[in-house]
Amino acid sequence: MKKYLKNELKIWIFIKINQSLYRKTKPHITHLKQNNIMKKFNLLVLCLFGTFLAFPKGNDEMKADGKKEEAKSETKAEVKKEEGEEKKGAFTFSGYIDSYYIGNFNRPASRSNLGAYYARAFDQKSGQFSLGLVQTKMQYSNDKSDVVVDLAFGPNADLGNYGNVLGALGSNTNTALAIKQAYFNWKASSKFTLTAGQFGTHIGYEVIDAPVNFNYSLSNLFNNGPFYHIGVKGTYAFSDKVSLMLGLVNNVDNLNDNNRKKGLISQLFLNPAKGWNVYLNFINSNEASPDAKGKTPDAHYRVLDLTTSFQATDKVLVGLNAAYGSQKGDYQGAGGPTSAQTWGGAAGYFNVAASDIFSIGARYEYFDNSNGVRALLNKKGEGTSVNSLTLTGNFTLADGHLLIKPEFRLDAYKKVAGAGETKNQQFEDENGDFTKSSQSTLGLAFIYKF
């Protein structure tokens, strides 16, 4: 109403000013005639403006308000769209490539770091630039689930997924060889998650992925333990400090199970204090191949593994990995002891961040396979033991994408004693003879992650 009266006042002022101006600009003799005309004109203007003001909003105002309402609707639509996208989930793509050069002070004629039997897991070549692994990891996540497809290519992928070489058709089809992990998580509740597919092992301190480990070369504990499993597992979080995982899997490191038995896996996670994580891991399975009648013999493969790390300060991290294993009977057709035989070891880790771009770490490990139940053997095919020391630098460049790791490693094996055993030691010399009981290597690894 106030707005209406205000507009009427403006019209009245306009008319009066118009009349005044007219009187000043026209001859006085025609004033009466023109005055009548002006009264009619002013009356017409007043009617038109009155009709206009009878509407609360003009066309321009309605358009402007319509745009405002449209903008509000668009904003609401955008919010709903964002909420819908959040409910739909998010897709991420990541990965890495790594390559290395390693010099071997023994100058082995074969340029191999393996020694008699598998002294190294992945970095097996010396005296040449070598490609390690190429990873492409795709992940889709939403509030209730995740799916991970982790594909790996290159020499280290073949070594890590050696059990996947037999494809679904039963021949040497290699598409399965590229699958490092392929699994989904169903978040049934805020505390319980179900996982199914092929996933990396829960056992051990180290993993296959080079950017995750501080040291580039992998420990003997890693090399002689499981790499991956195919099966189903469930994890229940009692709190932020305690969780328990239980699962059933096929045989170890193999695409296809060699018998009808299933392995039991478990992991107990504890967080006793800030920065201190403890994992107690276990696996028990029967890895024996069936006999002529199709029955699976009595056998077992067991590993009890402790992994813990403590962030002592912002710059200092200490870690420990200890494992104790037992095996009885056949292991996937390779034979095995008739009575239970054990193996085990321990590795300590100490890492210091000297600056934002450089850190240095040491790993000391003792691994004992004297009973010969794992792959670490001497030149005569007998069980052996080894002490290893690894010193690794870590340069973090290109906004964290590029890692450059210089590394020195010394492996000292139990010497084979006795007359005539000079050439039955662990490592090869420049003449191709196994005369060395220890091996020292110095190398440089390049890792780019994205």
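Here the structure is a predicted model, which is why all the values come from computation and not from measurement.

The residue Asn142 is located in the loop between strand E2 (129-141) and strand E3 (145-153) in this model. Judged by its relative accessible area of 18%, Asn142 falls in the buried class. For the pair Asn142 and Phe91, spaced 51 residues apart in the sequence, the C-alpha separation amounts to 9.1 Å. At a separation of 2.7 Å, a polar atom in the side chain of Asn142 contacts the main-chain amide nitrogen of Ser145.

We now examine the pairing of strand E13 (residues 358-369). Here E13 shows one buried face, formed by Ser359, Gly361, Arg363, Glu365, Phe367 and Asn369, and one open face, formed by Phe358, Ile360, Ala362, Tyr364, Tyr366 and Asp368. Where strand E12 (residues 341-353) lies against E13, ten bridges are found, and the strand directions are antiparallel. Its bridge partner being in E13, Gly345 is matched across the sheet by Phe367. Hairpin connection of E12 to E13: four residues between the antiparallel strands.

Before going further, it helps to examine the pattern of salt bridges. Tallied over the full model, the rule gives eleven salt bridges. For Lys180, the salt bridge is made with Asp209, and the minimal N-O distance between the two is 3.0 Å. With Lys180 in strand E4 (residues 179-187) and Asp209 in the loop between strand E5 (192-200) and helix H5 (220-223), this residue pair connects regions lying 29 residues apart in the sequence. With a relative accessible area of 15%, Asp209 lands in the buried category.

Turning our eyes to something else, we now look at unusual backbone geometry. Despite not being glycine, Arg107 has its phi angle at roughly 50 degrees, a positive value. As for its placement among the helices and strands, Arg107 is situated in the loop between strand E1 (90-104) and E2. Backbone geometry at Tyr118 places phi at a positive 50 degrees, although glycine is not the residue there. Turning to its location among the elements, Tyr118 is positioned in the loop between E1 and E2.

Moving on: the layout of surface pockets. In this approach a probe as big as a water molecule rolls over the atoms, and the regions it shows empty are the leftover space. In this model, the largest pocket occupies a volume close to 1,100 Å³. As for the largest pocket, its lining consists of 45 residues, of which Gly200, Thr201, His202, Val207 and Gln267 are closest to the centre. Residues that form the lining of the largest pocket fall into these classes: 16 nonpolar, 22 polar and seven charged. If you add up the space inside the second largest pocket, you get close to 650 Å³. Tyr118, Tyr162, Asn223, Arg374 and Ala375 are the residues nearest the centre of the second largest pocket, which is lined by 26 residues in total. When grouped by side-chain class, the residues that make up the lining of the second largest pocket number 14 nonpolar, nine polar and three charged.

To continue, consider the nonpolar core. In terms of nonpolar packing, the biggest core is built from 24 residues, with Ile265, Ile283, Tyr301, Val303, Trp343, Phe367 and Tyr413 touching the most fellow members. Counting residues per element, the ones that place at least two in this core are strand E7 (242-249), strand E10 (300-311) and E12. In terms of residues, this core owes the most to one element, E12, which gives three residues. The residues touching Tyr413, leaving out its near neighbours within four places in the chain, are Ala119, Asn220, Leu376, Thr384, Ser385, Val386, Gln426, Phe427 and Ser437. Core analysis: the second largest hydrophobic core is formed by 18 residues, Tyr100, Ala121, Ala152 and Tyr228 among them.

Taken together, the twelve bridges between strand E11 (residues 316-328) and E12 define a ladder with antiparallel strand orientation. Paired with Ser326 across the bridge in E12 is Thr342.

Before going further, it helps to examine the packing of aromatic side chains. Using the criterion set out here, one finds 13 aromatic pairs in the structure. Judged by centre distance (6.4 Å) and plane angle (75 degrees), the rings of Phe122 and Phe227 are edge-to-face. A residue pair is termed long-range when its members are at least 10 positions apart, and Phe122 in the loop between E1 and E2 and Phe227 in the loop between H5 and strand E6 (228-237) qualify at 105 residues. Each member of the pair Phe122 and Phe227 is classed as buried. Here Phe358 and Phe395 contribute two aromatic rings whose centre-to-centre distance is 4.7 Å and whose plane-to-plane angle is 40 degrees, an arrangement assigned as tilted. Placement of the pair is Phe358 in strand E13 and Phe395 in strand E14 (residues 384-397), with a sequence separation of 37 residues. Grouping aromatic residues by their ring pairs yields a cluster made of Phe122, Phe222 and Phe227. Of note, Arg374 hangs over the ring of Trp343, and the distance from its end group to the ring centre comes to 5.6 Å. The lysine or arginine in question, Lys379, covers the ring of Phe434, its NZ or CZ lying 5.1 Å from the ring centre.

Within the secondary structure layout, Asn281 lies in strand E9 (residues 276-285). Judged by its relative accessible area of 0%, Asn281 is buried. Taking the C-alpha atoms as reference points, Asn281 and Ile265, 16 residues apart in sequence, are found 7.7 Å from one another. Contact partners of Asn281, with chain neighbours within four places excluded, come to His202, Ile203, Gly204, Ser266, Gln267, Val303, Leu304, Asp305 and Thr307.

Right, let's get into the environment of Ala273. Relative to the assigned elements, Ala273 resides in strand E8 (residues 263-273). With 32 residues separating them along the chain, Ala273 and Lys241 place their C-alpha atoms 8.6 Å apart.

Summarising the element assignment, Asn106 is placed in the loop between E1 and E2. Among the polar contacts made by the side chain of Asn106, one reaches the main-chain carbonyl oxygen of Ser438 at a distance of 3.0 Å. Setting aside residues up to four positions removed in sequence, Asn106 forms contacts with Phe427, Glu428, Asp429, Glu430, Lys436, Ser438 and Gln439.

Reading guide: rules and limits
- Residues numbered from 1 in each chain as written.
- Predicted model: local features only at pLDDT ≥ 70, side-chain atom pairs only at ≥ 80, totals over all residues.
- Heavy atoms only, no water.
- Helix = DSSP H or I, 4+ residues; strand = E, 2+ residues; numbered from the N terminus.
- Buried < 20%, exposed > 50% of the residue type's maximum accessible area, 1.4 Å probe, protein only.
- Polar contact = N/O pair within 3.5 Å; in protein donor to acceptor, adjacent residues only side chain to side chain.
- Pairing = 2+ DSSP bridges.
- Salt bridge = Lys/Arg side-chain N within 4 Å of Asp/Glu carboxyl O.
- 1 Å grid on protein atoms, 1.4 Å probe; cavity = no way out; pocket = protein on both sides within 12 Å on 5 of 7 lines; lining within 4 Å.
- Points joined across faces, edges and corners; volume = space filled by probe spheres on them.
- Nonpolar A, V, L, I, M, F, W, Y, C, P; charged D, E, K, R; others polar.
- Core = buried A, V, L, I, M, F, W, Y, C linked by side-chain atoms within 4.5 Å.
- Contact = heavy atoms within 4.5 Å.
- Phe/Tyr/Trp six-rings, centres within 6.5 Å; stacked < 30°, edge-to-face > 60°.
- Lys NZ or Arg CZ within 6 Å of the ring centre and 35° of its normal.

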